[in-house]
Amino acid sequence: MTVLIILVVLLAAFVAVFLYRLAVLRRGGTAAILRVAPSAGDTGWRHGVIRYGEGSLVFFKLSSLRPGPDSRIERQGIEVEGRRKPEGSEFDIMSDEIVILSVKDRGAAYEIALDGGALTAFLSWVESRPSGRSVRGRRF
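Because the structure is predicted, anything quoted here is derived from the model rather than measured. (Residues numbered from 1 in each chain as written. Predicted model: local features only at pLDDT ≥ 70, side-chain atom pairs only at ≥ 80, totals over all residues. Heavy atoms only, no water.)

Enquirer: Would you mind going over the environment of alanine 32 with me for this structure?
Expert: Mapped onto the fold, alanine 32 is located in strand E1 (residues 30–37). When the C-alpha positions of alanine 32 and leucine 10 are compared, they lie 32 Å apart, and in sequence the two are 22 residues distant. If sequence neighbours within four positions are ignored, alanine 32 has contacts with Arg46, His47, Gly48, Ile50, Phe59, Ile112, Ala113 and Leu114. (Helix = DSSP H or I, 4+ residues; strand = E, 2+ residues; numbered from the N terminus. Contact = heavy atoms within 4.5 Å.)

This is the structure we're talking about:
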């Protein structure tokens with residue numbers, strides 16, 4: 001009987017985590033495919049949703065049960081290294097309209113696959129970041 005109660009509690013916890021993650025994903029964002037670089041060949045791509053904040057971009061994998069974001073890229077440290085089109089077996093999960101950006105954030109490297117509209121939004125978000133030398137408020 002004790003084992004049954006433990007199993008029911010674990011199942012209820014699993015369902016609660018699943019429903020919470022589903023609610024987080026349904027709040028909106030931009031569809032993207034991301035992988036942590038370097039990755040061997042064409043592996044490591046994960047479908048998900050990115051959300052832009054004032055100070056960082058967060059990525060939520062579709063297949064994760066983690067309560068928070070799976071990756072975080074800080075706006076001030078981000079560097080767009082280059083762009084390319086999908087190659088080889090990447091066409092199994094991407095179309096010709098996708099652009100893959102190589103991005104670095106203070107030592108961590110990522111590749112982000114975005115369509116035309118999402119690419120424009122991402123680059124606008126990066127380019128509109130405040131200068132690292134800007135000072136808030138005045139000192140008298």
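Enquirer: Sorry, what's going on with the pairing of strand E3 (residues 56–61) here?
Expert: Each regular strand displays side chains that alternate between the two surfaces of the sheet. For E3, the tally of buried residues reaches five of six residues, placing the bulk of the element in the interior. Pairing of strand E2 (residues 46–52) with E3, which is carried by five bridges, proceeds in the antiparallel orientation. If you follow valine 49 over to E3, its bridge partner there is phenylalanine 60. Hairpin connection between E2 and E3: a loop of three residues separates the two successive antiparallel strands. (Buried < 20%, exposed > 50% of the residue type's maximum accessible area, 1.4 Å probe, protein only. Pairing = 2+ DSSP bridges.)

Enquirer: It is not clear to me how the sheet that holds strand E6 (residues 99–105) should be interpreted in this structure. Could you clarify?
Expert: Strand-to-strand pairing in sheets goes through backbone hydrogen bonds, with the strands running parallel or antiparallel. The strand order E4-E3-E2-E1-E7-E6-E5 describes an open sheet built from seven strands, whose pairing is antiparallel. The open sheet has two edge strands with one neighbour each: strand E4 (71–74) and strand E5 (78–84). Here the strands of the sheet are splayed against their neighbours by 35° on average, with no regard to which way each runs. As paired elements, E5 and E6 share six bridges and run antiparallel to each other. If you follow arginine 83 over to E6, its bridge partner there is leucine 101. (Axes fitted to C-alpha atoms, helices over the stretch in contact; angles between N-to-C directions.)

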